[in-house]
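If you want the building blocks of each chain, they are given just below.
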Amino acid sequence: MSFDQKKSPVPRQATTALERQAGIVFDHPATSVAVVFGIGILAGMVVSRLLGGPPAPPTLGRRTELAAEQLGRQMLGAIAGVLPASLAKHIVT
């Protein structure tokens, strides 16, 4: 068996699909470039997000907000501790 006999031909459907895709790219070059560029940007953003470092520490405003929430919960707990149980159940949710 020679080398030429072992080579399998490309199926006709595959060549038709490739010709159709090449025709679309040839007919709409700017749109094709824009789509590929957008896909590249999106892929880059996904990869950078996956490989990025730890998230940034919370800002001063966020830390202040967390401290205020914690203080509020502590105060409600302290108030509920001195009130009778019938009133305390309405304060602590």
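Anything mentioned here points back to the structure above.
Here we summarise the structure given alongside this text. (Residues numbered from 1 in each chain as written. Predicted model: local features only at pLDDT ≥ 70, side-chain atom pairs only at ≥ 80, totals over all residues. Heavy atoms only, no water.)

## Re the overall build of the protein
Thinking step 1. Along the backbone of the protein there are five helices and zero strands.
Thinking step 2. Start at the N end of the protein and walk to the C end: the helices and strands fall as α-α-α-α-α.
Thinking step 3. Within the protein, the fraction of its 93 residues that count as buried is 3%.
Thinking step 4. A total of about 8600 Å² of accessible surface is found on the protein, and carbon and sulfur atoms cover 69% of it. (Helix = DSSP H or I, 4+ residues; strand = E, 2+ residues; numbered from the N terminus. Buried < 20%, exposed > 50% of the residue type's maximum accessible area, 1.4 Å probe, protein only. Areas by Shrake-Rupley, 256 points an atom, 1.4 Å probe, with all protein chains shown as cover.)

## A closer look at the side chain of Ser32
Thinking step 1. Here Ser32 lies in helix α3 (residues 29-51).
Thinking step 2. Classification of Ser32 as buried rests on a relative accessible area of 17%.
Thinking step 3. Ignoring anything within four residues of it in the chain, the contact list for Ser32 reads Ile24 and Val25. (Contact = heavy atoms within 4.5 Å.)

## Description of helix α2 (residues 12-27)
Thinking step 1. Between its first and last C-alpha, α2 extends 22 Å over 16 residues, near the 22 Å set by a 1.5 Å rise per residue.
Thinking step 2. In terms of burial, α2 is largely open, as just zero of its 16 residues are buried. (Expected span 1.5 Å × (residues − 1).)

## Remarks on the pattern of salt bridges
Thinking step 1. Considering all chains together, one arrives at one salt bridge under this definition.
Thinking step 2. Two residues, Arg62 and Glu65, come together in a salt bridge whose shortest N-O distance is 3.0 Å. Of the two residues, Arg62 and Glu65 are both situated in helix α4 (residues 60-82); the distance of three residues between them amounts to about one turn of the helix.
Thinking step 3. We classify Glu65 as partly exposed; its relative accessible area is 41%. (Salt bridge = Lys/Arg side-chain N within 4 Å of Asp/Glu carboxyl O.)

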